Amino acid sequence: MRIHTFPLGPLQTNCYIVTNEETKEAVIIDAGMHPGELLRQAANYQVRAILLTHAHFDHMGGLDQIRKKTGAPVYIHHSEQEWLTNPDLNGSSRWPMIGGAMTTERAEYEIKEGDVLVLAGLNIRVLETPGHTPGGVSFLIDNELFSGDTLFAHSIGRTDLPGGNYEQLIQSIQDKLMPLPEDTRVYPGHGPDTTIGFEKLHNPFIA
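Everything in this summary refers to the structure shown in the same document. These figures come from a predicted structure and were not determined experimentally.

## Comments concerning the overall build of the protein chain
From N to C terminus, the protein chain includes six helices and 14 strands. Its C-alpha atoms give the protein chain a radius of gyration of 16 Å, near enough to 17 Å, the size a compact globule of 207 residues would have. Referenced to the eigenvectors of the C-alpha coordinate spread, the extents of the protein chain come out at roughly 40 × 40 × 30 Å. Within the protein chain, contacts between residues at least 6 apart in sequence are counted, and of these 58% link residues at least 24 apart.

## Examining the packing of aromatic side chains
What the rule picks out here adds up to five aromatic pairs. A ring pair is formed by Y75 and Y109, whose centres lie 4.7 Å apart and whose planes are at 20°; its orientation type is stacked. Residue Y75 is located in strand β5 (residues 74-77), and its partner Y109 is located in strand β6 (residues 109-111); the two are separated by 34 residues in the primary sequence. A relative accessible area of 42% places Y109 in the partly exposed class. Ring centres of F146 and Y187 lie 5.2 Å apart, and the angle between their planes is 20°; on these two criteria the pair is classed as stacked. Highlighted residues: F146 in strand β10 (residues 144-148) and Y187 in strand β13 (residues 185-188), separated in sequence by 41 residues.

## Points about the environment of Q171
Position of Q171 among the secondary structure elements: in helix α5 (residues 166-177). Linking Q171 and T129, residues 42 residues apart in sequence, is a C-alpha distance of 8.5 Å.

## A look at unusual backbone geometry
Not every positive phi belongs to a glycine, and K24 is a case in point at roughly 60°. With respect to the helices, strands and loops of the structure, K24 is situated in the loop between β2 (13-20) and β3 (25-29). A relative accessible area of 41% places K24 in the partly exposed class. Look at H34: it is not a glycine, yet its phi comes out positive at around 55°. Along the chain, H34 falls in the loop between β3 and α1 (36-42). By relative accessible area, which is 57% here, H34 ends up exposed.

## Notes on the pattern of salt bridges
For the coordinates displayed, the defined rule picks out 10 salt bridges. Close ionic contact of E25 with R48 constitutes a salt bridge, the shortest N to O distance being 2.7 Å. Within this pair, whereas E25 is found in strand β3, its partner R48 is found in strand β4 (residues 46-51), the two being separated by 23 residues in sequence. Residue classification places E25 among the buried residues on the basis of a relative accessible area of 15%. A salt bridge links R67 to E108; the nearest nitrogen and oxygen atoms lie 3.1 Å apart. Placement of R67 in helix α3 (residues 63-70) and of E108 in the loop between α4 (87-90) and β6 is noted, with a sequence separation of 41 residues between them. For R67, a relative accessible area of 12% translates into the label buried.

## A look at α3
When we look at burial in α3, the residues that qualify are L63, I66, R67 and T70. End-on, the buried residues of α3 take up no more than an arc of 100°, which puts them together on one face. Among the exposed residues of α3, those oriented more than 90 degrees off its buried face are K68 and K69. Among the structural elements, β3, α1, β4, α2 (57-60) and β5 are those in contact with the buried residues of α3. Trailing α3 by a residue or two, G71 shows a phi angle of about 70°, which is positive.

The rules behind each value
- Residues numbered from 1 in each chain as written.
- Predicted model: local features only at pLDDT ≥ 70, side-chain atom pairs only at ≥ 80, totals over all residues.
- Heavy atoms only, no water.
- Helix = DSSP H or I, 4+ residues; strand = E, 2+ residues; numbered from the N terminus.
- Rg over C-alpha atoms; globule rule 2.2 N^0.38 Å.
- Contact = heavy atoms within 4.5 Å.
- Phe/Tyr/Trp six-rings, centres within 6.5 Å; stacked < 30°, edge-to-face > 60°.
- Buried < 20%, exposed > 50% of the residue type's maximum accessible area, 1.4 Å probe, protein only.
- Salt bridge = Lys/Arg side-chain N within 4 Å of Asp/Glu carboxyl O.
- Arc of directions from axis to C-beta.

Note that all results are geometric; they support no functional claim without further evidence.
This is the structure:
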């Protein structure tokens, strides 16, 4: 497994291509705006799926382009299916200066806690981690965690947007992420990667 990181769009949203180098297959995690660089790398693989940690506009703004180019189906938590088609829910209508109202087609697949997706020869475990958004999820592949906007290096996701809940976010982190092995590497939706062990010691919100 190899992980390619692409900070995309005005908010520098981390989007990932996770590849199986033996089969030349891949999955994409999150679909930020202006995904040209990501698509150039993705052209080297057969993309089997596009996985969304949540449906805020900066994580789905490039979805139409990526879908069209790769033909891959989209997976999202069932409670945020409607966010893809509603700019008020995905937040794009709140910041017209960034890109205007954004919508896309509904996802082909809905996911939930405990699902294990077998895609591109990878076993991808779905962890429900709401708080930043009601349907926020994290994806665990082997010892690599893709946390979306739930957990960041030295920080956590914001909870002041519609659907956010600070207590729920902290509970998600404590119940779902902190029990993971300390050497689990965390790939967040923004900023540098980190580890569970480092955040246990140094994150001011949870240490």
